[in-house]
Amino acid sequence: MTHMALEVKESLEERCNRILRNMEASLTTRDRVGIQDFVLLDNYTSETAFLDNLRKRFHENLVYTYIGTLLVSVNPYKELDIYSKNQMDTYMGVNFFELPPHIYALADNVFRTMLSEFNDHFILISGESGAGKTEASKKILHFYAVSCPSTKVLNNVRDRLLVSNPVLEAFGNAKTLKNDNSSRFGKYMDIQFDHQGGAVGGHILSYLLEKSRVVHQNHGERNFHIFYQLVEGGEENLLRWLGLERNCQNYSYLVQGNCAKVSSINDKSDWKTVGRALSVIGFSESDTEHLFGIIASVLHLGNVNFEADARGYASLNNNLEMHWVSKLLGIPTQVLQQGLTHRKIEAKKEEVFSPLTVDHAVYARDALAKAIYGRTFNWLVNKINESLANMDSSRKTVIGLLDIYGFEVFNVNSFEQFCINYCNEKLQQLFIQLTLKSEQEEYEMEGIEWEPVPYFNNKIICDLVEEKHRGIISLLDEECLRPGEATDLTLLDKMEEKIGGHPHFVTHKLADQKTRKTLERGDFRLLHYAGEVTYCVVGFLDKNNDLLYRNGKEVMQQSKNAIIKHCFPPTEPDRKKRPETVVTQFKSSLVGLTEILMTKEPWYIRCIKPNEAKQPGCFDDVLVRHQVKYLGLMEHLRVRRAGFAYRRKYEIFLQRYKALCPDTWPNWKGTAAEGVRCLIKHLDYKPDEYKMGRTKIFIRHPRTLFATEDAFQVCKNQLATRIQAKYKGYRVKGDYQKQKEAATKIENCFRGMMARKEREKREWAVRIIKRFIKGFMTRNEPASVDNREYLAYVRQNYLTRLKENLPKTVLEKDSWPTPPPVLREASQLLKKLYIRHMIRKYVHGMTKERKAQLQLKVQTSSMFKDKKENYPISVCRPFLDTRIGVEDISMKVMQVIRHEHVKYGVSVVKYDRNGFRPRPRQLVLTQEAVYLVEEAKIKQRIHYSSLKGVSVSNLSDNFLILHVTCDDIKQKGDLVLQCDFLFEALTRLSVLTSKQNLIQVVQGSVRFDIQPGREGFVDFRSGHESVVYRAKNGHLTVESTRTKSR
Ligand SMILES: Nc1ncnc2c1ncn2[C@@H]1O[C@H](COP(=O)(O)OP(=O)(O)OP(=O)(O)O)[C@@H](O)[C@H]1O
Ligand SMILES: [Mg+2]
């Protein structure tokens, strides 16, 4: 994914998480384990402090540490979970110092600088064997493969770049004692990018392949992987075609180290990988055939043995191996045999073949094998380059990866170490030039005065090695080329003679006594920038010559194998001129490399091997200290720290620390430089602690930065809490807003629904009311559609009302609800029915006694109602059967009247006819007569037949006058009585007499007969009080109060 795409694809939340993760990561890493950047080490000259930091971090699996922009990497010897796609994403597009040190940070920074500045860069990866250089370069390549833009074409290039590694490793790497996958050549790989950052091509340069390995391996080491891969993994057909057997033990070139099998290496599967890689790179079938033909021919060649003939010269006895070599290389056997056993000497324009001794023949054979392999390797590199080449002529920018051998010091150091260490001197020189140059340039650019930096410049050693005519290389070449008996020891003499006084060169002979003890006679010692190395001069001339007898080359030129043909072109050497020596070739390739690198921006990765045992978690102080020294890390640090420990662009510095000053937080309005000035004023930086450049701030001591950083960490936590709180608030507010919106929406919907319901209800109501009104208006018309409903409603309504308001008693019959016109008839019928029902109910509910009582009351009513004033009062007083019991009537009287059946008795007051004196009496009614009884004496008996009538007044008095027929003077006349139970007594009397109109209600006066012919009067009048008296006119006057009408 591209950086751009990443930005687009990454959601805000993911970005926040990533930044948080980063913040936390950098915080914990810095807090927990040492210092991420050695430049900030206060005690920067102390190797021990340096080592302590490295060790501390290593034990926390933090294998990367910076020295400025240089990355120190310690081989963890175990898989760390820090190379995932996620990690790559994390490091993409993030500022170098914002995350814990990582190789991805460096790779990303190089990439982005290249894109933004549109210039070339290289990453120099150095370190001793097994320190992790090749792994580092692969990690970088992978990072670019994942992070660069991808298209179909670009993916093609990317795949080729990636698979070039296993191929080169198969042919150029081998198991050594130090590393199971040791690169036996130096490698510089250019990756070319277009202006959008797409990897569009590549180019590889290889340096000084260790060809000697083809013919000889030390104990515990192997030949190049490809031989074992072919023998172990090659398909049966292929092996048959190559004349090989599947057994490494059969090939003398494979077994000298006695370790053809290595547990950490799977030759079979590596073979498959290489096969696939070759096809991706674009090898044709014939290319692969030829290539493996060569590999097999080297194996066969190794098995070619010589025997001494009678004269002591080498003769060939193994025709089978020769046959295969000849077949595979396409060279006639005869030619081959001749080439291996004879040497061509040119003497006076004549060519003479001189036979070789067995030793020389073996030497020639091995030289041939090395030459074949070495040139094939170069061919392979070229072939890969063809496949990676970008034909497009538009300008590219380049990132170079230099995976080169680091400084090497063994117990015995030989020509190879000399070359390698020379290479490192050159690279150190380059580093010094580039770093100091850039440092100086930066100071100039920033307008800061350049202060001379004390550091060791290794130019003097470079000169010692490479100076024309005087340098060791010149002397070596001279010695190789001069006629006469030159040996390694004569070389030593020469060096002592020519460069004896050089301060960085010492030999046994030149040394003082103390030093001499540490040197052998054949040794010379160079005081390299990284330390002393003692070289044993033995083998220098031979290795430098690397002579392939001339006819060996000529034999090869006859080959039919396309690759060999290509590698040994007929036009090759000027026959007379000797080929360039190894060291001179190496020197010129290094000069070439230096030229390449000088035009590019340098970046460095220094790899360190923590222990010799390839063990995880084991940090060998002595070993690491050794490497720290030999990698020139302290040197590097010193140069970096010579001026200011820390510098950063104003924008970046301000961006990181602006939270520390209220004026710059959260946003600074002015320029970044002013912001920084304000910030550091607030932080109270002392004037000698910093300098303000044009675009950067320079801080002299790390402690100043630490104090700032510590303050920032504290502040960051506080800020984080605040931001968190704000964010939470923001989230909650968002949720609340959403809920509110939702609530409003629901409310609106609900209201809408209710309003619609209400409207429907109203519409319905309007319809109903209209129908009601229409019904009402037409209620009196005959039933129709318009009023049917209304009338039904009216009926129902009336009936319901009626049901609730029915009269409770018969007497309430007038309370019958008034019916609507339409129900008038029905109402009448109902009323009738109901009244009858009530009457029926009433009647059925009545006792006999009550009935009799009521019948009496009816009679009373018919006699007195509306006639006598006090009648209404009597209505509610129930009548009794009698007011005087039989037992209250004197026995004597009873004896007289018993037979007549006493029906009723009541106490009365009798007023004398003369004088109107009141006398208490009993009035007893029998079946036949009325008796006035005084105690035991019947005072008067009036037979009903002789009772003419009874007069009562219309007023409220209780007087009654019984009028009797009085024929006889002796007979007593009419009776004037007063009775409290007047109506009861009279009703009884009326019933007993069965006479209609017996009782007369009169007004004013009643005339009565005192005795026949003599009359008396009773005057009734109303008064204020009830009184009875005899008036002056001799009348009985009865005054009664007016009763209030009911
Ligand atoms: N970053 C790493 N993570 C895990 N293992 C590693 C890492 N780097 C190196 N190694 C282990 O160390 C071994 C040696 O590493 P590598 O081959 O890169 O060393 P080198 O520096 O290239 O050595 P040489 O100079 O011999 O080529 C690897 O095969 C691997 O097992
Ligand atoms: Mg390597």
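A brief structural summary. Throughout, residues of each chain are indexed from 1 in the direction in which the sequence is written. Note on labels: chains are lettered from A, ligands numbered from 1, in written order. Reporting of local features is limited, given that this is a predicted model, to residues whose pLDDT is at least 70; pairs of side-chain atoms are given and counted only at 80 or more, and all residues count toward the totals for whole chains, interfaces and linings. Note: side-chain values were computed over all heavy atoms of the structure, leaving out hydrogens and water.

## Quick look at the overall build of the chain
Turning to step 1, where the next piece is worked out: Within the chain one finds 35 helices and 31 strands.
Turning to step 2, where the next piece is worked out: Against the compact-globule benchmark of 31 Å for 1046 residues, the chain has a radius of gyration of 71 Å, which places it well outside the compact range.
Turning to step 3, where the next piece is worked out: Reported as C-alpha extents along the three principal axes, the dimensions of the chain are approximately 225 × 75 × 60 Å.
Turning to step 4, where the next piece is worked out: Within the chain, contacts between residues separated by at least 24 positions form 64% of all contacts whose residues are at least 6 apart in sequence.
Turning to step 5, where the next piece is worked out: Method for areas: the Shrake-Rupley scheme with a 1.4 Å probe, in which residue coverage is limited to the protein chains shown. If you sum the accessible surface of the chain, you get close to 53100 Å²; carbon and sulfur atoms cover 52% of it.
Turning to step 6, where the next piece is worked out: Positive: Lys, Arg. Negative: Asp, Glu. His and the chain ends are not part of the count. Every charge is mapped onto a representative atom, which is NZ of Lys, CZ of Arg, CG of Asp or CD of Glu. Separation of charge centres in the chain, based on 155 positive and 127 negative side chains, amounts to 15 Å. Secondary structure elements are taken from DSSP: a helix is a run of H or I of four residues or more, a strand is a run of E of two residues or more, and numbering for both begins at the N terminus. Restricting the calculation to C-alpha atoms gives the radius of gyration, and the globule rule supplies 2.2 Å times the number of residues raised to the power 0.38. Whether two residues are in contact is decided by their heavy atoms: any pair within 4.5 Å suffices.

## Focus: the site of ligand 1
Turning to step 1, where the next piece is worked out: Whether a residue is near a molecule or strand depends on its heavy atoms: if one lies within 4 Å, it is near. Near ligand 1, the surroundings consist of 18 residues, among which S129, K133, T134, S182 and S183 are the closest.
Turning to step 2, where the next piece is worked out: Between N or O atoms, a polar contact is any pair within 3.5 Å; within protein, one atom must be a potential hydrogen donor and the other a potential acceptor, and residues adjacent in sequence are included only when both atoms are from side chains. At 3.5 Å, a backbone N or O of N181 approaches an oxygen atom of ligand 1.
Turning to step 3, where the next piece is worked out: Between ligand 1 and the protein, one listed contact pairs an oxygen atom with a backbone N or O atom of S183 at 2.7 Å.
Turning to step 4, where the next piece is worked out: Out of a free accessible area of 630 Å², ligand 1 has 86% covered by protein chains.
Turning to step 5, where the next piece is worked out: Among the secondary structure elements, those contributing two or more residues to the shell around ligand 1 are α6 (133-147) and β5 (182-183).
Turning to step 6, where the next piece is worked out: Charged means Asp, Glu, Lys or Arg here, nonpolar means Ala, Val, Leu, Ile, Met, Phe, Trp, Tyr, Cys or Pro, and polar covers whatever is left, Gly included. Classifying every residue of the shell around ligand 1 gives four nonpolar, nine polar and five charged.

## Notes on the sheet that holds strand β15 (residues 531-536)
Turning to step 1, where the next piece is worked out: Strands sit in the order β13-β14-β15 across an open sheet of three strands; the sheet is antiparallel. Of all the strands in the sheet, just β13 (505-507) and β15 have a single pairing partner and so form its edges. Across the sheet, the axes of successive neighbouring strands diverge by a mean angle of 25 degrees, strand direction being ignored. Strands pair, by our definition, only if DSSP identifies at least two bridges between them. Here the axes come from fitting lines to C-alpha atoms, over the contacting stretch only for helices, and the angles between their N-to-C directions go from 0 to 180 degrees.

## Considerations on the packing of aromatic side chains
Turning to step 1, where the next piece is worked out: Between 30 and 60 degrees the pair is tilted, below 30 it is stacked and above 60 it is edge-to-face, where a pair is any two Phe, Tyr or Trp rings, Trp via its six-membered ring, whose centres lie within 6.5 Å. Taken as a whole and judged by the stated rule, the model has 36 aromatic pairs.
Turning to step 2, where the next piece is worked out: Residues F111 and Y144 carry aromatic rings whose centres are separated by 5.8 Å and whose planes lie at 35 degrees to one another, so their mutual orientation is tilted. Here F111 is found in helix α5 (residues 103-117), whereas its partner Y144 is found in helix α6, with 33 residues between them in sequence.
Turning to step 3, where the next piece is worked out: In this scheme, a residue with accessible area under 20% of its type's maximum is buried, one over 50% is exposed, and one in between is partly exposed, where area comes from a 1.4 Å probe on protein chains only. In this structure Y144 comes out as buried when scored by relative accessible area, which is 3%.

## So, the sheet that holds strand β30 (residues 1027-1030)
Through backbone hydrogen bonds, the strands of a sheet pair up, either in parallel or in antiparallel fashion.
Turning to step 1, where the next piece is worked out: Overall, mixed pairing links the four strands, which are arranged β28-β29-β31-β30 in an open sheet. Lying at the two open borders of the sheet, with one neighbouring strand each, are β28 (1005-1011) and β30. Strand-to-strand twist in this sheet, taken as the mean axis angle between neighbours without regard to direction, amounts to 20 degrees.
Turning to step 2, where the next piece is worked out: Note: β28 against strand β29 (residues 1014-1022), six bridges, orientation antiparallel. Pairing of R1007 across the sheet is with F1017, part of β29.

## Here we look at unusual backbone geometry
Turning to step 1, where the next piece is worked out: Residue P666 is bonded to the preceding W665 through a cis peptide linkage, with omega at 0 degrees.
Turning to step 2, where the next piece is worked out: Not every positive phi belongs to a glycine, and N61 is a case in point at roughly 65 degrees.
Turning to step 3, where the next piece is worked out: Inspection of the secondary structure assignment puts N61 in the loop between α3 (47-59) and β1 (64-67).
Turning to step 4, where the next piece is worked out: For F916, which is not a glycine, the phi torsion comes out positive at approximately 55 degrees.
Turning to step 5, where the next piece is worked out: In this fold, F916 is placed in the loop between β20 (902-911) and β21 (918-926).

## Description of the pattern of salt bridges
Turning to step 1, where the next piece is worked out: Whenever a carboxyl oxygen of Asp or Glu lies within 4 Å of a side-chain nitrogen of Lys or Arg, that contact is scored as a salt bridge. This structure, assessed with the given rule, holds 52 salt bridges.
Turning to step 2, where the next piece is worked out: With a closest N to O distance of 3.0 Å, K614 and D180 form a salt bridge. Of this pair, K614 sits in the loop between β16 (601-608) and α25 (621-630) while D180 sits in the loop between β4 (173-174) and β5, and the two are 434 residues apart along the sequence.
Turning to step 3, where the next piece is worked out: For D180, a relative accessible area of 18% gives the class buried.

## Overview of the nonpolar core
Turning to step 1, where the next piece is worked out: Nonpolar core, defined: a set of buried Ala, Val, Leu, Ile, Met, Phe, Trp, Tyr and Cys residues in which side-chain atoms within 4.5 Å join the residues together. Core analysis: the largest hydrophobic core is formed by 207 residues, its most contacted members being I123, Y144, F171, F227, F524 and F653.
Turning to step 2, where the next piece is worked out: The greatest single-element share of this core, amounting to 13 residues, is contributed by helix α15 (residues 358-388).
Turning to step 3, where the next piece is worked out: Within the second largest apolar cluster, 29 residues are counted, among which are V908, V950, L975 and L998.

## What about the coordination of the magnesium ion (ligand 2)?
Turning to step 1, where the next piece is worked out: For Na, K and Ca the donor cutoff is 3.2 Å, while for all other metals N, O and S atoms count as donors only within 2.8 Å; water does not appear among the atoms, so some sites may look incomplete. Donor atoms from the polypeptide that coordinate the magnesium ion (ligand 2) comprise T134 (OG1) and S183 (OG), at 1.9 to 2.1 Å from the metal. Within this pair, whereas T134 is found in helix α6, its partner S183 is found in strand β5, the two being separated by 49 residues in sequence.
Turning to step 2, where the next piece is worked out: According to the relative accessible area criterion, T134 is buried, its value standing at 12%.

## Re the pairing of β30
Turning to step 1, where the next piece is worked out: As paired strands, β30 and strand β31 (residues 1036-1040) are joined by four bridges and run antiparallel to one another. Across the sheet, residue Y1029 finds its bridge partner in β31, namely T1037.
Turning to step 2, where the next piece is worked out: With antiparallel pairing between neighbouring strands as the criterion, β30 and β31 make up a hairpin whose turn holds five residues, including G1034 at a positive phi of roughly 80 degrees.

## Digging into the packing of helix α13 (residues 319-329) against helix α14 (residues 333-341)
In a packed pair of helices, the relevant descriptors are the angle between the two axes and the axis-to-axis distance.
Turning to step 1, where the next piece is worked out: At their nearest, the axes of α13 and α14 sit 9 Å apart, and the two run at 110 degrees to each other. Comparing the axis directions of α13 and α14 gives the class roughly perpendicular. Crossing handedness for the pair α13 and α14: right-handed. Contacts between α13 and α14 involve N319, M322, V325 and S326 from the first element and T333, L336, Q337 and L340 from the second.
Turning to step 2, where the next piece is worked out: Across the contact of α13 with α14, the residue classes break down as four nonpolar, four polar and no charged. Should an angle fall under 35 degrees it is called roughly parallel, over 145 degrees roughly antiparallel, and 65 to 115 degrees roughly perpendicular, with every other angle called oblique. Should the near helix be turned counterclockwise from the far one by less than a right angle, the crossing is left-handed, whereas a clockwise turn marks it as right-handed.

## Notes on helix α18 (residues 472-481)
Turning to step 1, where the next piece is worked out: Here α18 lies mainly inside the structure; eight of its ten residues are buried.
Turning to step 2, where the next piece is worked out: Considered for burial, the residues of α18 that qualify are I472, I473, S474, L475, L476, D477, E479 and C480.

## Comments concerning helix α11 (residues 267-281)
Turning to step 1, where the next piece is worked out: One less than the number of residues in a helix, times 1.5 Å, gives the span that helix is expected to have. Taking 1.5 Å as the rise per residue, α11 with 15 residues should run 21 Å; its terminal C-alpha atoms sit 20 Å apart, in good agreement.
Turning to step 2, where the next piece is worked out: Taken as a whole, α11 has its buried residues at D267, W271, V274, A277, L278 and I281. One side of α11 holds all its buried residues, which, seen down the axis, span an arc of 130 degrees. Across α11 from its buried face, at more than 90 degrees, point the exposed residues K272, R276 and S279.
Turning to step 3, where the next piece is worked out: In this structure N266 caps α11, since a side-chain oxygen of it lies 3.2 Å from the backbone nitrogen of K268.
Turning to step 4, where the next piece is worked out: Of the residues trailing α11, G282 is marked for its positive phi of about 105 degrees. Each C-beta atom gives one direction from the helix axis, and the arc is the one those directions make.

## Comments concerning the side chain of D957
Turning to step 1, where the next piece is worked out: For D957, the position within the fold is in the loop between β24 (947-953) and β25 (959-964).
Turning to step 2, where the next piece is worked out: One buried charged residue, D957, remains without a salt bridge, the closest side chain of opposite sign being K868 at 4.0 Å.
Turning to step 3, where the next piece is worked out: From its side chain, D957 meets the backbone nitrogen of F959 in a polar contact 3.1 Å long.
Turning to step 4, where the next piece is worked out: D957 has contacts with K868, N870, L982, F1020, V1038 and S1040, leaving out every residue within four places of it along the chain.

## As for the pairing of strand β6 (residues 186-193)
A regular strand places its side chains on the two faces of the sheet in alternate fashion.
Turning to step 1, where the next piece is worked out: Counting buried positions along β6 gives eight out of eight residues, so the element sits mostly inside the fold.
Turning to step 2, where the next piece is worked out: Side chains G186, Y188, D190 and Q192 of β6 all project onto a buried face; the interleaved residues K187, M189, I191 and F193 project onto the opposite face, where all are buried too.
Turning to step 3, where the next piece is worked out: Relative to strand β7 (residues 199-207), β6 is paired through eight bridges, and the arrangement is antiparallel. Paired with F193 across the bridge in β7 is A199.
Turning to step 4, where the next piece is worked out: Between β6 and β7, which pair antiparallel and follow one another directly, the connecting turn spans five residues, one of which, G197, has a positive phi of 90 degrees.
Turning to step 5, where the next piece is worked out: Where β6 meets strand β12 (residues 397-403), seven bridges bridge the pair, whose relative direction is antiparallel.

## Examining the side chain of N544
Turning to step 1, where the next piece is worked out: Along the chain, the position of N544 falls in helix α21 (residues 540-545).
Turning to step 2, where the next piece is worked out: A relative accessible area of 0% places N544 in the buried class.
Turning to step 3, where the next piece is worked out: Reaching out from N544, the side chain makes a polar contact with the backbone nitrogen of V583 at a distance of 2.8 Å.
Turning to step 4, where the next piece is worked out: If near-sequence neighbours (up to four positions away) are discounted, N544 is found in contact with F415, L476, D477, C480, T581, V582 and V583.

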